[in-house]
Amino acid sequence: MDRLLRQCGADIPHERALDSISLERERGITIASKVTSISWKEHELNMVDTPGHADFGGEVERVVGMVEGAILVVDAGEGPLAQTKFVLAKALKYGLRPLLLLNKVDRPSVTEERCNEVESLVFDLFANLGATEEQLEFPVLYASAKEGWASSTYTKDPPDDSKNMSELLDAITRHVPPPTASLDAPFQMLVSMMERDNYVGRILTGRIHSGIVRVGDKVHGLHSTDSGVVKMEEGKVVKLMKKKGTCTLSVDSACAGDIVSMAGLTCPAIGHTISNVELTGRQIGDRLMAEAERNLAINVLPGMSDSYEVQGRGELQLGILIENMRREKFELSVSPPKVMYKNENGQKLEPIEEVTIEVNEEHVGLVMEALSHRRGEITDMGPVPGNVGRTRLCLTCPSRGLVGYRSVFNSVTRGTGFMHRAFLNYEKYRGPLGNVRKGVLVSMGYGTITAHALMSLEARGILFVKPGMEAYDGMIIGEHSRDTDLDVNPVRTKELTNVRAASKDENVKLTPPRLMTLEEAIGYVASDELIEVTPCAIRLRKRYLDVNKRKVMSKKPKE
């Protein structure tokens, strides 16, 4: 996207200019879809940059109806992966005819034979997803976004006058059809994105399907129900905005085919229609409801006693939401994630995911053993083409078994493996999981944690805390080396005597603690535990802080 914007004269202040969220720049991933437009020759091109991770599939679903075509970007070295299948399935479902762009062809390991092999794999993927004859006739381009060029033929070093993105832009204008819309029809726009502004309120973004809209026009917010179309609100367009490169421009009018943002209505949300008149807590709760309004892949259900159930696509997506709220100075407790089961004909069904893993050969045994405890079933296994000593595993596994496994996987493979996962279908419940986690060390003291106390606790397991941190009853301070929980006192101080050297405690050397990130904590927390999320810290605690209460509750049968 940077290269396309720069090719068309946009001012790019830094790399990955469209990643406007701080977490996107930190993690190197796209979390939310971004809309922009560029001018190329006599054409105006509206573009939407979408995430590739399956957890953020809702971002793809809600914007795919805004476009007439798609560019499928595939790493020429790795080939199509699990997330490639996910986003491609969405594009084919809506009848789009994608263009295939093989990126990173400048790498020394990428040859013309490898590109042909990847093209065949993508063709097979198209066919397996039910692509039509027209969709199977996709054009193929080769590119190096790092060096800033695209080519319609395989090359590693194009001529100097061709080291740009012209061929990709020309391919877009040739193969992507213009929008079919009528300017004379009444104005209609489907809301696909939504955001809030402190000055103008709710901002609704979507593609105009027909007609013309101007600032000051009276419009309706409509919602389709089982009983018919219901008018939600009537208002006036107070502001119209259009993205141009990396800038947002105010415009007086827009017509069919444009992707615009408008302000003036307070009720409509994603999935609702805006048309002209002629066409017939609490702060945490408010924040969650606002997120659900603008994010199609999140659903929020109010619970009992100031609690809310948040339904999403995966722990990464929910972790991003919680991390954003933490940075906005919210404080909350989070229970462990649960999968959503189904019952059909008296049979319990659970979500199954398709998992693709690539690891070094020496790690295959450890990975397979761990996944067998998590009810994973191997469907395919073999060497990775072009990578000696690497093995690719394809398997199906229950979603509940994969919760928290990514951090374990990174640890087992020492950061050399990678894993992709995507929802497959609902299947028969595969039974309880094996032993996937040890017990924990639970504090039964209140105060400042001391090095003297931690020195005696190191042999009991892995610590999550370090001296000087505050502890309280029921707080989890480490992982026990056994399967049972152990109550300990991390604030115990050494008794003073008249023969102790003054600097004796300063010589205590402790193993660095395991400090958990929010995603790791979400995957680690057990059913009788909670995550405490504050602007300053992320802690684990027992649901019941009192040790006697925990003993009573542990004797009750589990659901």
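The rules behind these values
- Residues numbered from 1 in each chain as written.
- Predicted model: local features only at pLDDT ≥ 70, side-chain atom pairs only at ≥ 80, totals over all residues.
- Heavy atoms only, no water.
- Helix = DSSP H or I, 4+ residues; strand = E, 2+ residues; numbered from the N terminus.
- Buried < 20%, exposed > 50% of the residue type's maximum accessible area, 1.4 Å probe, protein only.
- Pairing = 2+ DSSP bridges.
- Axes fitted to C-alpha atoms, helices over the stretch in contact; angles between N-to-C directions.
- Expected span 1.5 Å × (residues − 1).
- Contact = heavy atoms within 4.5 Å.
- Patch = residues over 30% accessible without salt bridge, like charges linked within 9 Å, V, L, I, M, F, W, Y side chains within 5 Å.
- Areas by Shrake-Rupley, 256 points an atom, 1.4 Å probe, with all protein chains shown as cover.
- Salt bridge = Lys/Arg side-chain N within 4 Å of Asp/Glu carboxyl O.
- Phe/Tyr/Trp six-rings, centres within 6.5 Å; stacked < 30°, edge-to-face > 60°.
- Disulfide = S-S within 2.5 Å.
- Core = buried A, V, L, I, M, F, W, Y, C linked by side-chain atoms within 4.5 Å.

- Going by the annotation in an unreviewed UniProt entry, the name recorded for the protein chain is 50S ribosomal subunit assembly factor BipA, with Sesamum radiatum given as the source organism.

**Comments concerning the overall build of the protein chain**
Next up, step 1: For the protein chain, the count of helices and strands is 15 helices and 32 strands.
Next up, step 2: With the principal axes as the frame, the protein chain shows a C-alpha extent of 90 × 60 × 60 Å.
Next up, step 3: Expressed as a percentage of the 559 residues in the protein chain, the buried residues total 45%.

**Topic: the sheet that holds strand 4 (residues 99–103)**
Next up, step 1: With mixed pairing, four strands are arranged side by side in an open sheet as 3-4-5-6. Pairing within the sheet leaves two strands with one partner each, and these edge strands are strand 3 (71–75) and strand 6 (149–151). Direction aside, the axes of adjacent strands within the sheet are offset by 30° on average.

**With respect to the pairing of strand 15 (residues 259–263)**
Next up, step 1: Counting buried residues in strand 15 gives five out of five residues, a clear majority hidden from the surface.
Next up, step 2: Of the two faces of strand 15, the one holding Ile259, Ser261 and Ala263 and the one holding Val260 and Met262 are both buried throughout.
Next up, step 3: Where strand 8 (residues 201–210) lies against strand 15, five bridges are found, and the strand directions are antiparallel. Counted as the bridge partner of Arg207 is Ile259 from strand 15.
Next up, step 4: Across three bridges, the pairing between strand 12 (residues 239–244) and strand 15 is antiparallel. In the sheet register, Met241 faces strand 15, and the bridge partner there is Ser261.

**Remarks on helix 8 (residues 283–294)**
In an α-helix, one turn spans 3.6 residues; hence positions three or four apart end up facing the same way.
Next up, step 1: In this model, helix 8 (twelve residues) spans 17 Å end to end at C-alpha, consistent with the 16 Å of a helix rising 1.5 Å per residue.
Next up, step 2: Regarding helix 8, the residues found buried are Gly285, Arg287, Leu288, Ala290 and Glu291.
Next up, step 3: Residues of helix 8 that are buried in the fold lie against strand 7 (188–197), strand 17 (299–302), strand 18 (308–311) and helix 9 (315–327).

**Some details on a nonpolar patch on the surface**
Next up, step 1: On the surface, Met368, Ile378 and Met381 cluster together into a nonpolar patch covering about 250 Å² of accessible area.
Next up, step 2: Take Ile378: it is sitting in strand 22 (residues 377–383).

**As for the packing of aromatic side chains**
Next up, step 1: Scanning the model with the defined rule gives seven aromatic pairs in all.
Next up, step 2: Between Tyr405 and Phe409 the ring centres are 5.9 Å apart and the planes differ by 50°, which places this aromatic pair in the tilted class. Note that Tyr405 and Phe409 are positioned in helix 12 (residues 405–412) at a spacing of four residues, about one turn of the helix. The residues Tyr405 and Phe409 share a single accessibility class, namely buried.
Next up, step 3: Relative to Tyr426, the ring of Phe423 has its centre 5.8 Å away and its plane inclined at 65°; by these criteria the two rings are edge-to-face.
Next up, step 4: Classification of Phe423 as partly exposed rests on a relative accessible area of 48%.
Next up, step 5: Taken together, the ring pairs connect Phe123, Phe126 and Phe138 into an aromatic cluster.

**Considerations on the state of the cysteines**
Next up, step 1: Scanning the entire structure with this criterion turns up zero disulfides.
Next up, step 2: With no disulfide of its own, Cys247 has Cys8 as its nearest cysteine by sulfur position, at a separation of 14 Å.
Next up, step 3: Taking the relative accessible area as the measure of exposure, Cys247 reaches 42% and is therefore partly exposed.

**Topic: the nonpolar core**
Next up, step 1: Counting residues in hydrophobic clusters, the biggest one holds 25 residues, and the most contacted among them are Leu72, Leu100, Leu102, Val105, Val122 and Phe126.
Next up, step 2: If you list the elements that add at least two residues to this core, you get strand 3, helix 4 (82–93), strand 4, helix 5 (112–128) and strand 5 (140–144).
Next up, step 3: No other element matches the five residues that helix 5 contributes to this core.
Next up, step 4: Residues within four places of Phe126 in sequence aside, it is in contact with Leu72, Leu88, Leu92, Pro98, Ala131, Gln135, Leu136 and Phe138.
Next up, step 5: Leu332, Val440, Ile476 and Met516 belong to the second largest nonpolar core, which has 22 residues in total.

**A look at unusual backbone geometry**
Next up, step 1: One non-glycine residue, Lys104, lies in positive phi territory at about 65°.
Next up, step 2: By relative accessible area, which is 31% here, Lys104 ends up partly exposed.
Next up, step 3: The backbone of Lys329 sits at a positive phi, close to 75°, despite the residue not being glycine.
Next up, step 4: Inspection of the secondary structure assignment puts Lys329 in the loop between helix 9 and strand 19 (332–334).

**Brief notes about helix 4**
Next up, step 1: Given a rise of 1.5 Å per residue, twelve residues ought to cover 16 Å, and the 17 Å separating the end C-alpha atoms of helix 4 matches this to within 8%.
Next up, step 2: Among all positions in helix 4, only Ala82, Thr84, Phe86, Val87, Leu88, Lys90, Ala91 and Leu92 are buried.
Next up, step 3: Contact partners of the buried residues in helix 4: helix 3 (57–63), strand 3, helix 5, helix 6 (133–136), strand 21 (347–360) and strand 24 (418–428).
Next up, step 4: Gly95 lies just past helix 4 and shows a positive phi near 80°.

**Description of the environment of Glu458**
Next up, step 1: Mapped onto the elements, Glu458 comes out in the loop between helix 13 (451–457) and strand 27 (461–463).
Next up, step 2: Expressed as a C-alpha distance, the spacing of Glu458 and Ala422, which sit 36 residues apart in the sequence, is 39 Å.
Next up, step 3: Ignoring sequence-local partners within four residues, the contact set of Glu458 consists of Leu463, Lys509, Leu510 and Thr511.

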